[in-house]
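Next come the chains, spelled out residue by residue.
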Amino acid sequence: MSGSLRSNMLKRFIGLISTLWVVSATAQDCTTLPADHQQYLEGIQTGEYRYAKNVGPAALTLTKNMPYADYINATRALILQRNKRAELPCPLASVVPAQAKQTQVIDHIAPYQLLHSNQDKGILLIHGLTDSPYIFNAIAQDLYHQGYNVRTVLLPGHGTGADDLRRVTNRDWQRHVRYAIERTSQDFKHFAIMGFSTGGALATLEIEKRTPSNLKALTLVAPATESHNKNSWMAQWVDWLPFMNWLDEDADLDFAKYESFPLAAATLVHNVMVDMMQSNVPENLPILTIMSDVDATIVSQATLNLLTRWAKTHRAPLALRLYANNPIELDQRITLTRIDKLDKVIDMSHVGLLIPQNHPYYGEQGAYRHCGSYFEDATAYQTCKSAAQIIFGEHHSTNKSAHMPFARVTFNPDYAGLVKQLSEFLNHHVH
């Protein structure tokens, strides 16, 4: 074989390998990334997706009269600037039409609105800490099909990289919530608010200060009241120490929710929870709370204590949909619906309440499986991610010690029942 022939064959071989590498690289998308164990190992070490690109501000500057469409466009621009995966292909059904030829990560995590031809009734959905509007993608469509104009907001520090939570303040969060509530109040005749976790607490605190006259109902989903981490108040002091910026350092392969958790975020949410536990809501505002009694993120008893205090002076309906395996004693002024059996799930988690079982990403057979219980053990983590049979439930100590492999449940087998009660509650009050 001549030297030139060998050279040509070597070039073709290198070209073929390069082509295969490019195809492999471009084939990665938001649904394949969470199961890529090599990406997980590298991500834990490098923190590539833990950090946003240092381009532009981490929080928007809002103006009081900014149209909501302008707010959405400005937020999308911020995500494009700072999120390293904003344009990563994400072949999941989008709530709103994608602006690019193919659906990308940004199309799922940016705020959006679903509008009818009328302005009769609306609902504002506010996500929680480390989350994004993607948590609402199923419930938003269900509410829209029932005639509601639906609107979501992206809290500052979210939708980019977990480290951006170190670059925002409680005031940034509250300004965005205030803007979204005031703008929604102006744009629709009547409206309701649904707040998930920290979003529920932020909504409550804003309503306590300024209650729009056309706000007709409030739904709190696992509202942030008290953390299971009793040392969360110390985060504001520890965060000043060198090399003490993180409580959890994960690979952040979930495109829609941060898996890493900075100490600064613990400080922010601690301040919100302290105010939430001291809050008072308008006595004539109907409230529906949805929660689990074994919530591993929020202390359920603290939430029940808050509802009991509100009930003493509340004149409007107070309803509670509680996922609990055991009977519970509750103030009779609170209307209780208790769910004690769930298909293929031991008990309900903080993060699974609003997600249907057949959800393409967070569902039982979805692309993402929550294995955060094992993020410090790579072998156990991989087993959890790849197991054909697995136990789902809340990741408290009892479940984690009794079952292996075990995944935190990110879906709700009772989703249809939840939607039914939510719809009846809203339709009765928002008109």
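Residues numbered from 1 in each chain as written. Predicted model: local features only at pLDDT ≥ 70, side-chain atom pairs only at ≥ 80, totals over all residues. Heavy atoms only, no water.

**Side note on unusual backbone geometry**
Just so we agree on the cut-off: Helix and strand definitions here come from DSSP, where helices need a minimum of 4 consecutive H or I residues and strands a minimum of 2 consecutive E residues; each element is numbered from the N-terminal end.
With omega at 0°, the peptide bond leading from Met 404 into Pro 405 counts as cis. Summarising the element assignment, Pro 405 is placed in the loop between α12 (397–402) and β12 (406–408). One non-glycine residue, Thr 130, lies in positive phi territory at about 70°. By the secondary structure assignment, Thr 130 is in the loop between β2 (121–126) and α5 (137–145). A positive phi angle, close to 55°, is found at Asp 252, a residue other than glycine. The residue Asp 252 is located in the loop between β6 (246–248) and β7 (261–262) in this model.

**Some words on the nonpolar core**
Soluble globular proteins: nonpolar side chains tend toward being buried together. For clarity, the threshold we go by: Remark: nonpolar core denotes a set of buried residues (Ala, Val, Leu, Ile, Met, Phe, Trp, Tyr, Cys) joined through side-chain atoms within 4.5 Å. The buried label applies to any residue whose accessible area, calculated with a 1.4 Å probe on protein chains only, is under 20% of its type's maximum; exposed applies above 50%, and partly exposed to all values in between. The contact criterion used throughout is that any non-hydrogen atoms of two residues lie within 4.5 Å.
Counting 125 residues, the largest nonpolar core has Ile 193, Phe 255 and Leu 426 as its most contacted members. In this structure Phe 255 touches Cys 30, Arg 85, Cys 90, Leu 92, Val 105, His 108, Ile 109, Tyr 134 and Tyr 361, once residues within four positions along its chain are discounted.

**Quick look at the packing of aromatic side chains**
Test applied: Note on aromatic pairs: the rings of Phe, Tyr and Trp (six-membered ring only in Trp) are paired at centre separations within 6.5 Å, and the planes decide the class, stacked below 30 degrees, edge-to-face beyond 60, tilted for the rest.
With the rule as written, the count across this model stands at 13 aromatic pairs. Seen from their ring centres, Tyr 68 and Tyr 179 are 5.8 Å apart, and the 0° between their planes marks the pair as stacked. Within this pair, whereas Tyr 68 is found in helix α3 (residues 68–82), its partner Tyr 179 is found in helix α6 (residues 170–187), the two being separated by 111 residues in sequence. Taking the relative accessible area as the measure of exposure, Tyr 179 reaches 5% and is therefore buried. Taken together, a centroid distance of 6.0 Å and an interplanar angle of 80° make the contact between Tyr 134 and Tyr 361 edge-to-face. Residue Tyr 134 is located in the loop between β2 and α5, and its partner Tyr 361 is located in the loop between β10 (334–339) and α11 (378–386); the two are separated by 227 residues in the primary sequence.

**Some points on α6**
Filter applied, for reference: The length a helix should cover is 1.5 Å for every residue beyond the first.
Across its 18 residues, α6 extends 26 Å between first and last C-alpha, which sits within 8% of the 26 Å expected from 1.5 Å per residue. Among all positions of α6, only Asp 172, Trp 173, Gln 174, His 176, Val 177, Tyr 179, Ala 180, Ile 181, Arg 183, Thr 184 and Ser 185 are buried. The inward-facing, buried residues of α6 contact α3, β2, β3 (149–153), β4 (190–196), α7 (198–209) and α9 (263–277).

**Some points on the state of the cysteines**
Which entries qualify depends on this criterion: By convention in this document, the label disulfide applies to cysteine sulfur atom pairs within 2.5 Å.
Scanning the entire structure with this criterion turns up two disulfides. The disulfide partner of Cys 30 is Cys 90, and the gap between their sulfur atoms is 2.0 Å. Here the S-S torsion is close to 80°, and the disulfide linking Cys 30 with Cys 90 is therefore right-handed. Within this pair, whereas Cys 30 is found in the loop between α1 (3–27) and α2 (37–46), its partner Cys 90 is found in the loop between α3 and α4 (106–109), the two being separated by 60 residues in sequence. The class for Cys 30 is buried, based on a relative accessible area of 1%. Covalently, Cys 371 is tied to Cys 384 through a disulfide, its sulfur atoms 2.0 Å apart. Residues Cys 371 and Cys 384 share a disulfide whose torsion about the S-S bond is about -85°; that sign makes it left-handed. Here the residue Cys 371 occupies a position in the loop between β10 and α11, and Cys 384 occupies one in helix α11, the gap between them amounting to 13 residues. There is no split in this pair, since Cys 371 and Cys 384 are both buried. Should the bonded cysteines of the chain be numbered as they appear in the sequence, the pairing reads 1-2, 3-4.

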